[in-house]
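Residue-level listing of the chains:
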Amino acid sequence: MKLNAKIPEGKLEEKWRNYQLKSKLINPANKKKLNVIVVGSGLSGAGAAATLAELGYNVQCFCYQDSARRAHSVAAQGGINAAKNYQHDGDSVWRMFHDTLKGGDFRSREANTYRLAELSAPLIDHFTQQGVPFAREYGGVLANRSFGGVQVQRTFYARGQTGQQLLLAAYSQLYKMIRAKKVTMFPRTEMLDLVVIDGRAKGIIIRDLVSGEIKRYVADAVVLATGGYSRVFRLSTLAIGCNGSAIWKAHKKGAFFAAPSFTQIHPTALPQSSETQSKLTLMSESLRNDGRIWVPKKKEDTRKANDIPEEERDYYLERRYPSFGNLAPRDIASRAAKERIDNGHGVGRFRNAVYLDFKHAIERLGLETIKDRYGNLFKMYKKITGVDAYKEPMQISPAAHFSMGGLWVDYELMTTIPGLYAIGECNFSDHGANRLGANSLLQASLDGYFILPNTINNYLASEENRAPVDTNHPAFVDAEKKIKGDIEHILSINGNQTVDHFHRELGKVMWQNCAMSRNQAGLESAIEQIKKIKKAFWQEVKITGHSQELNTELEKALRLADFIELALLMCTDALQRDESCGAHFREEYQTKDGEAWRRDKEYTYVSAWEYTKDYFKLHKEELDFEFVKPTVRSYK
Amino acid sequence: MDLFFRKGVIASTGLFLCLFLIVHLSANCILLLPEDISRELYNSYSTTLRENLLIKLVAYILYLSIILHVVYALLVTIRNRKSTPIKYAVNHSNENSSWTSQNMGFIGFFILLFIVIHLANFWARIKLGMGEEVGTDALGNLDVYEVTSSLFHNIYYVSFYSLLMIPLGLHLHHGLKSAFKTLGFYHKKGLQAIAKIAVVYALIMSIGFGIIPFIVYFK
Amino acid sequence: MKVRFKIWRQDSPIDKGSFKVYEVDGLNPDMSFLEALDHLNEKLVLRNEKVIAFDHDCREGICGQCGVFINGRAHGPHENTTTCQLHMRSFEEGKVIVVEPWRAKAFPVIKDLIVDRSAFDRIIEHGGYISAKTGTASEANAIPVGKDIAERVMDVAACIGCGACVATCKNSSAALFTSAKINHLNSLPQGKPEEHQRVLDMTAQMAKEDFGHCTFTGACEVECPEGISINNIAEMNARFLKAKLFR
């Protein structure tokens with residue numbers, strides 16, 4: 001199968017407009033007859049559901065949380081990028097496009113990335129109109145700050161709670177449309193399978209997480225907005241419930257999975273402090289604006305941070321990357337931290353952290369300014385660690401964070417299954433091999449609010465006259481039967497290990513072999529180990545309770561079963577890509593000074609994997625750089 | 001009926017009653033003067049109260065306020081009870097709020113009890129002519145002073161009266177502080193000032209009302 | 001570290017429910033409270049018992065999904081925090097920790113420690129938004145908003161919808177939650193066109209749900225993870241009166 005990204009004709013800046021000019025429209029009277037399912041109620045899901053409903057479609061929106069407002073977009077702290085050039089510092093759509101493409105190490109599509117930058121400015125207008133309390137200057141205009149990998153100030157923010165504010169805006173718009181009876185909301189439900197009829201996505205099977213009932217829902221198109229899958233590492237910055245099941249089920253039904261191994265490791269999370277830890281809390285990257293990262297020059301230094309004199313501190317990011325310093329992109333900052341920690345310079349109880357120090361910033365700007373900028377983050381740090389970061393440096397550590405990879409989508413955000421769309425973090429589209437800070441809120445919002453509602457019509461226009469299917473179709477019946485069987489099977493194993501036990505095992509294998517740096521031997525062994533975990537899981541897992549009730553262990557088990565399979569694909573992908581690019585760092589492919597060695601001649605393509613019964617089949621979408629010549633990414 | 005209306009009635013009648021208490025306390029202060037001046041002044045003052053048409057009207061508003069305050073407090077309590085059908089097995093509400101604020105209804109009940117007895121002793125005798133007849137003083141005014149003075153020389157009554165000024169103080173403190181918020185006053189500094197005024201006011205009222213009977217008793 | 005959990009177990013909304021006591025060993029003080037529950041749950045699975053159902057998701061204090069009554073306090077012994085940000089170091093070795101679900105008629109128990117807070121969603125549904133369609137926005141800087149207003153709005157917009165205000169209120173009043181959203185939207189120029197209708201609709205829905213009256217005990221602002229001031233309720237009352245008078 002030849003992958004067709006359906007990139008429109010014309011110059012970069014004309015592509016999106018050209019697309020819209022040519023895409024098919026649907027008459028308002030007919031939109032009323034069309035149904036769309038949206039799975040996920042985060043920034044992209046809620047934005048899409050609300051906007052599609054405004055356009056006249058009937059929308060059914062599903063989320064596993066108790067309310068749409070809990071989706072993990074809520075946790076993004078730092079901000080959202082937009083090429084507004086309010087700071088008059090030379091920003092432009094082109095520069096933002098270029099930064100994003102370069103930040104992603106030239107492994108994303110030019111056209112998609114350009115559209116991301118192009119639509120960013122109107123998105124800020126949109127959110128301001130929806131009542132998002134973005135930070136303001138004294139004169140009443142919007143304020144900005146800078147983020148990693150960028151030399152201009154283009155990040156808009158609402159204290160350290162930008163994601164929350166954007167999500168609540170989307171959530172409120174969603175409820176506006178629920179009140180208008182155009183959206184039906186199904187909280188506490190989880191999608192367990194996709195139903196494909198005659199090659200087209202026609203519905204989903206869900207489990208009602210309260211009653212345990214399995215139900216069928218039919219629609220003319222299905223939109224997945226289910227977020228990232230970094231919980232495959234178990235310890236990550238994601239919410240406990242975040243999972244890859246919906247996209248994995250779609251993958252098994254024929255949707256290609258692109259660049260599964262491209263996972264961003266965030267440099268500024270709080271270090272792990274115990275074996276039983278369930279998650280790693282993120283400290284916003286914005287802290288790197290004023291905080292300086294260092295480790296002691298001496299190995300295994302046991303002195304307290306404040307007792308280490310200035311000349312014995314190694315500000316390694318400033319040393320290695322003088323022009324970007326502490327604001328080097330995430331993949332680079334994480335790897336640099338790992339390098340120092342692995343070399344015995346780590347700090348903290350488990351020697352697994354580096355310092356993030358505000359001493360100089362406080363001296364330079366005053367305590368009040370720092371409190372004003374980061375007060376809530378410092379408060380959060382104190383709540384979790386019990387340490388006052390105004391007095392001693394924070395301890396931070398890299399943690400699994402964002403999935404650049406996801407379902408392969410074309411320019412219209414449609415997967416390889418007609419009628420199935422993937423938006424937000426669960427697709428692979430705009431970030432390439434590494435995402436720049438404050439671009440995730442941007443991509444999720446744009447996909448949901450601006451892009452999908454303008455592309456889905458192109459597909460639905462052809463569905464208008466198709467004979468309708470209902471939930472009695474054999475495809476629905478079979479899918480439901482299979483799921484019920486799977487659930488009863490997993491409950492009947494009745495082994496002697498908990499779900500969490502297997503998740504911890506999986507997490508360890510993935511973190512050691514498929515995270516910040518990877519090598520052939522490690523990945524090969526990881527694949528073997530994961531296969532063993534999979535086998536053991538299906539023989540030894542123990543779940544109490546039954547299927548016809550609220551059963552959190554069962555939920556976890558079903559998610560983990562998919563994570564295990566997804567982990568295999570991630571390792572397969574990482575092993576296949578014999579180069580280093582962005583977050584994908586293969587130890588065999590590095591330059592003399594330890595930087596990533598990208599092999600453009602061989603690997604300038606997106607790996608899109610097809611699921612077959614026995615193996616993962618690779619398809620390549622060649623990346624054509626028509627407007628920007630890929631250069632070696634340097635932040636020195 | 002909306003949630004605001006009920007609370008609004010309680011707050012506005014409460015504030016009106018707060019004003020009334022100031023007038024009442026100032027009248028009580030007359031009792032502190034030497035007996036001959038006090039008797040004359042007190043009796044003529046109470047006669048004026050009874051006969052002035054405007055004050056009569058205010059008196060009716062006062063009765064109505066007390067009734068509405070109680071009735072609406074009951075309505076609010078019923079709704080609140082319905083909203084919280086199951087109580088916590090362990091609840092340390094003292095760690096996040098004052099005991100008074102948690103028990104306004106309970107405190108209010110004692111004040112209501114006081115008002116009933118208080119009215120039976122004064123208002124019923126003087127205005128309704130129930131019980132022992134009230135004499136007149138030298139100027140021909142009803143000798144209300146005598147009624148008050150004799151009650152204030154009964155140690156049981158004095159103790160009862162003064163003791164119940166403690167719940168009154170507590171009730172007034174939380175009531176005054178919250179009434180403004182209920183009625184929509186939200187100026188931050190203003191509310192801080194009101195919180196302080198509420199303390200001072202509640203102290204003056206409870207100590208003032210509570211101490212006068214004792215002074216009269218020992219005079 | 002060893003503690004005794006006394007936890008409310010209730011199999012379904014119609015089940016009567018009761019407390020059960022669990023001795024838990026092998027905890028460490030740096031564990032979060034929810035991790036201690038995870039730990040207990042793993043033990044329960046291996047003992048062939050049903051796990052304790054509790055709500056949680058982000059575990060970093062922002063999603064608002066977690067929330068239980070711990071030793072007589074919403075979200076546990078500390079002020080302005082969430083259950084997920086509570087750590088075992090806040091408890092004493094060997095002591096009993098009593099864990100109950102939120103208790104309010106408007107938040108019925110679904111199972112064990114999980115309650116149904118959809119009443120909050122319905123309040124938002126009735127006006128907690130700005131009625132503007134995607135694609136109709138004008139340039140963001142065209143309408144300046146003073147820094148002090150933006151900051152004040154952010155203070156209330158920070159509400160995470162966890163329900164601690166209702167849970168801790170002796171009357172189960174949702175006034176703090178509702179006022180936070182009303183004051184957020186009505187303070188902004190973008191929210192002005194429908195300010196009166198918003199107050200009336202949202203408060204009417206609040207009354208329709210089974211919430212009680214606010215009697216200003218002040219417990220809510222102490223337990224609110226975001227420290228939202230109780231003065232917001234006064235401000236909502238003012239907005240309500242204004243809406244009644246001037247609409």
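You'll find the structure just up there.
Each value, and the rule that gives it
Residues numbered from 1 in each chain as written. Chains lettered and ligands numbered in written order. Predicted model: local features only at pLDDT ≥ 70, side-chain atom pairs only at ≥ 80, totals over all residues. Heavy atoms only, no water. Contact = heavy atoms within 4.5 Å. Buried area = accessible area lost by both parts, 1.4 Å probe. Salt bridge = Lys/Arg side-chain N within 4 Å of Asp/Glu carboxyl O. Polar contact = N/O pair within 3.5 Å; in protein donor to acceptor, adjacent residues only side chain to side chain. Helix = DSSP H or I, 4+ residues; strand = E, 2+ residues; numbered from the N terminus. Nonpolar A, V, L, I, M, F, W, Y, C, P; charged D, E, K, R; others polar. Pairing = 2+ DSSP bridges. Axes fitted to C-alpha atoms, helices over the stretch in contact; angles between N-to-C directions.

A. Representation of the interface of chain C and chain A in the model. Taken together, the contact pairs 79 residues of chain C with 81 residues of chain A. Roughly 6500 Å² is buried in total at the junction of chain C and chain A, and carbon and sulfur atoms are behind 49% of that figure. Together, C:E60, C:T134 and C:K147 form the three largest contributors to the area buried by chain C at its contact with chain A, with a combined 11%. Joining chain C to chain A, the criterion identifies 11 salt bridges. With its nearest N and O atoms 2.7 Å apart, the salt bridge here joins C:K50 to A:E549. For the pair chain C and chain A, the interface holds 48 residue pairs in polar contact (both at pLDDT 80 or more). With 7 residues, the top contributor of residues to the side of chain C that touches chain A is helix α3 (residues 147-157) of chain C.

B. Structural detail: the interface of chain C and chain B. Taken residue by residue, the interface counts 44 residues in chain C and 34 residues in chain B. The contact between chain C and chain B buries some 3300 Å² in all, and 58% of this surface belongs to carbon and sulfur atoms. It is C:R103, C:H213 and C:F216 that lose the most area in chain C upon contact with chain B, and together they represent 21% of the buried surface on that side. Across the contact surface, chain C and chain B share 1 salt bridge. The shortest N-O distance in the salt bridge between C:R73 and B:E95 comes to 2.8 Å. Remark: the boundary between chain C and chain B carries 25 residue pairs in polar contact (both at pLDDT 80 or more). Within the residue set of the side of chain C that touches chain B, elements represented by two or more residues are β5 (96-100), α4 (164-168), α6 (195-208), α7 (219-223) and α8 (231-246) of chain C. The element contributing the most residues to the side of chain C that touches chain B is α8(C), with 9 residues. Across the side of chain C that touches chain B, the residue classes tally to 21 nonpolar, 13 polar and 10 charged.

C. The arrangement of the sheet that holds strand β17 (residues 420-422) of chain A in detail. Residues and elements named next belong to chain A. The strand order β5-β2-β1-β9-β17 describes an open sheet built from 5 strands, whose pairing is parallel. Strand pairing shows two members of the sheet lacking a second neighbour, β5 (183-186) and β17, which therefore form its edges. On average, adjacent strands in this sheet sit at an angle of 20° to one another, irrespective of strand direction. Pairing of strand β2 (residues 58-62) with β5 involves 4 bridges; the strand directions are parallel.

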